[in-house]
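# Summary of the model geometry
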Amino acid sequence: MNARNTLDFLLYDWIQVHSLGDRPRFADHSRETFDAVLDTCERIAREKYAPFNRLVDTQEPQFDGEKVILPQATHEAQKAYAASGMLSAAQDYDIGGMQLPYTVEAAANSFFAMASVSIGSGMLTTGNANLLMVHGTELQKQVFALNEFSGRFSGTMCLSEPQAGSSLSDVATRAVPDGEGFESDPLGPRYRLKGNKMWISAGEHELTENIIHLVLAKIPGEHGKLVPGTRGISLFIVPKKLVDTDGQLTGERNDVALAGLNHKCGWRGTTNTLLNFGEGKYPVRGEAGAVGYLVGQPGKGLHCMFHMMNEARIGVGLAATMLGMAGYQASLDYAKNRPQGRPMGPAGKDAAQPQIRIIEHADVKRMLLAQKAYCEGALALELYCARLVDEQHTGDAGAADDARLLLEVLTPIAKSWPSEWCLEANSLAIQIHGGYGYTRDFPVEQYWRDNRLNMIHEGTHGIQGMDLLGRKVLMEEGRGLQLLAARMQATIEQAGLIAELAPHASALKEALRHVGAATRSAWATGNPTDALANAVPYLQAFGHTVLAWIWLDVALASRAKAAGQGEAAHTGRLAAARYFFHYELPKIGAWLKVVESRDLTCADCPEEAF
Ligand SMILES: Cc1cc2nc3c(=O)[nH]c(=O)nc-3n(C[C@H](O)[C@H](O)[C@H](O)COP(=O)(O)OP(=O)(O)OC[C@H]3O[C@@H](n4cnc5c(N)ncnc54)[C@H](O)[C@@H]3O)c2cc1C
């Protein structure tokens, strides 16, 4: 089974994405138009991305003192991506978009993540422009967002600072009004920004005419003091080069300077930068300070950023998934071709016999099935969440609200689960290659390095765990958790009627009960220190329970499909589901035990004891 067949099965046979064509917004769409988009992206990824994945890893971005130099292949790939129209895929027709459902957009983008995850920075540009379409003024949309959708400009997200990573309340970049009449600049209230932003992806390059930074900064209150906490954070558009109200470059450089490139473990095709805002390297009208235009209301910057969070986190989960999938396909191919060892019969091994291929060893099959269960399961989860995004935007009021709440609960899983388990899949792909996997002559070590990022950015694992147990399962009196449980229950009931799935249905029912009980036990003292001490084991157990449900539901859809065609694929899906229920789901017992008992082994360990 290649990734496209898996994707097609999940999209059409499982979540029935073509049924979205019945909604007014997607009325011009059908399976035919969705397939055309998928085919185009698959082709561009095959021709312009995949052949250069190793090149962008070895030819890291270089700064020559003036410009950041990237391989020509990156320029070509991004040009082809912009020309495909994917940057504005989900936007309205009247601004040049395709009105594509988010589910199809995410599925189509997955080909690029699999072919060369770090060549593409489309996700940032689209995310930046989509945010402006919701929170920007009409002119901000025209001047900045539309030029990003066309590929003329690109976008960044500047949240992190050297001292403010997980803790954004400590953002110290300052924004002060830029002189007389600052409120009446047609591009938005005009400020001058000063501060340092760390880890900014695609923060400097020559791929586009301009770079539009979306920057979090604080406007000082009375007495020039910054408001503590996240309340004081506002959002600004800070273009690298200043533009006029027609979006034309004025010829003035804004005061944003590259302080350095970060040299990363993986994901090396994308520049990662430390940017200095307003240090005076490029004074504007004789003064230090980067010119920035306020987006939305002062103090509401994080609110605007979080608006994009679900899609950004699904994007990270999908990238992690597809890197896992790339390793799975490479190791499957290798295992089918590598002869090594002989079978162990009752009389031992017969050295006179030729070697067998390693795919014939049970342990190698274990590693392949684990990868399949992790990666295809994760892909199903991401598409399910993407479908919820479409429901939230185009469903009727009740369904949209349910989708919103389900997304609140599922998004930490959509981000964290593939980041952890598809990374583990990459490690198994290296293991299957033996010593060859540990060399740079095979692609699997790069997939692992590229994937290692995903547990770190867009909220670390620890932060996702605290978000889930500390906020999401509690919000609106636990209604999100109840909604999710009801969906799981519906699958359990259906699967319970089918002999080969009934044991899995019972196991899922017990897992669901256990997660519910552990959630209550974690909060039994009402003390966040007790409850959140084991937030990551909780996240892991919750994630495995969600994935068990996803696999059971996929197995049900697969049975329906198997009646007509795809016997081998069906056998594979049932085997992966069985693997998940037999080898993975039982792990939740250990994870939940420390949650339920509010085990403080880690929390109480004195610093000097380490
Ligand atoms: C390659 C790359 C690309 C990135 N791209 C961008 C980008 O484009 N824009 C952007 O704004 N940022 C970007 N980031 C930054 C990224 O989001 C941060 O690295 C991340 O949020 C973590 O912040 P930090 O590195 O300061 O680590 P810290 O916040 O210092 O965390 C270090 C460790 O401590 C743990 N920890 C921290 N606080 C707590 C707590 N309260 N409770 C429990 N554990 C805690 C964390 O989980 C982590 O394990 C990028 C990072 C990388 C590596």
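To start, this report covers the structure provided alongside it.

Definitions and cut-offs
- Residues numbered from 1 in each chain as written.
- Predicted model: local features only at pLDDT ≥ 70, side-chain atom pairs only at ≥ 80, totals over all residues.
- Heavy atoms only, no water.
- Helix = DSSP H or I, 4+ residues; strand = E, 2+ residues; numbered from the N terminus.
- Polar contact = N/O pair within 3.5 Å; in protein donor to acceptor, adjacent residues only side chain to side chain.
- Contact = heavy atoms within 4.5 Å.
- Salt bridge = Lys/Arg side-chain N within 4 Å of Asp/Glu carboxyl O.
- Buried < 20%, exposed > 50% of the residue type's maximum accessible area, 1.4 Å probe, protein only.

## Observations regarding the side chain of Q140
By the secondary structure assignment, Q140 is in helix α7 (residues 138-149). Here the side chain of Q140 touches L294 through a polar contact of 3.0 Å, landing on its backbone oxygen. The residues touching Q140, leaving out its near neighbours within four places in the chain, are A145, L187, G188, I237, Y293, L294 and V295.

## Let's talk about the pattern of salt bridges
Throughout the structure, instances matching the rule amount to 38 salt bridges. Linking R54 and E445 is a salt bridge whose minimum nitrogen-to-oxygen distance equals 3.0 Å. Pair noted here: R54 is in helix α3 (residues 53-58) and E445 is in helix α12 (residues 444-451), with a separation of 391 residues, a long-range link. In this structure E445 comes out as buried when scored by relative accessible area, which is 12%. Of the charged contacts in the structure, one is a salt bridge between K472 and E408, with a shortest N-O distance of 3.5 Å. With K472 in helix α13 (residues 461-472) and E408 in helix α11 (residues 397-432), the pair connects residues that are 64 residues apart, well separated along the chain.

## Examining unusual backbone geometry
Even without being glycine, Q99 reaches a positive phi, approximately 50 degrees. Structurally, the position occupied by Q99 is in the loop between α4 (72-83) and α5 (102-116). A relative accessible area of 11% means that Q99 is categorised as buried. Here the phi dihedral of E476 falls at roughly 50 degrees; this positive angle occurs in a residue that is not glycine. Here E476 is to be found in helix α14 (residues 475-496).

## A few points about the side chain of H29
Mapped onto the elements of the fold, H29 is located in the loop between α1 (3-14) and α2 (31-49). By relative accessible area, which is 11% here, H29 ends up buried. One polar contact links the side chain of H29 to the main-chain carbonyl oxygen of M98, over a distance of 2.8 Å. Setting aside residues up to four positions removed in sequence, H29 forms contacts with G21, F34, Y93, M98, Q99, L100 and P101.

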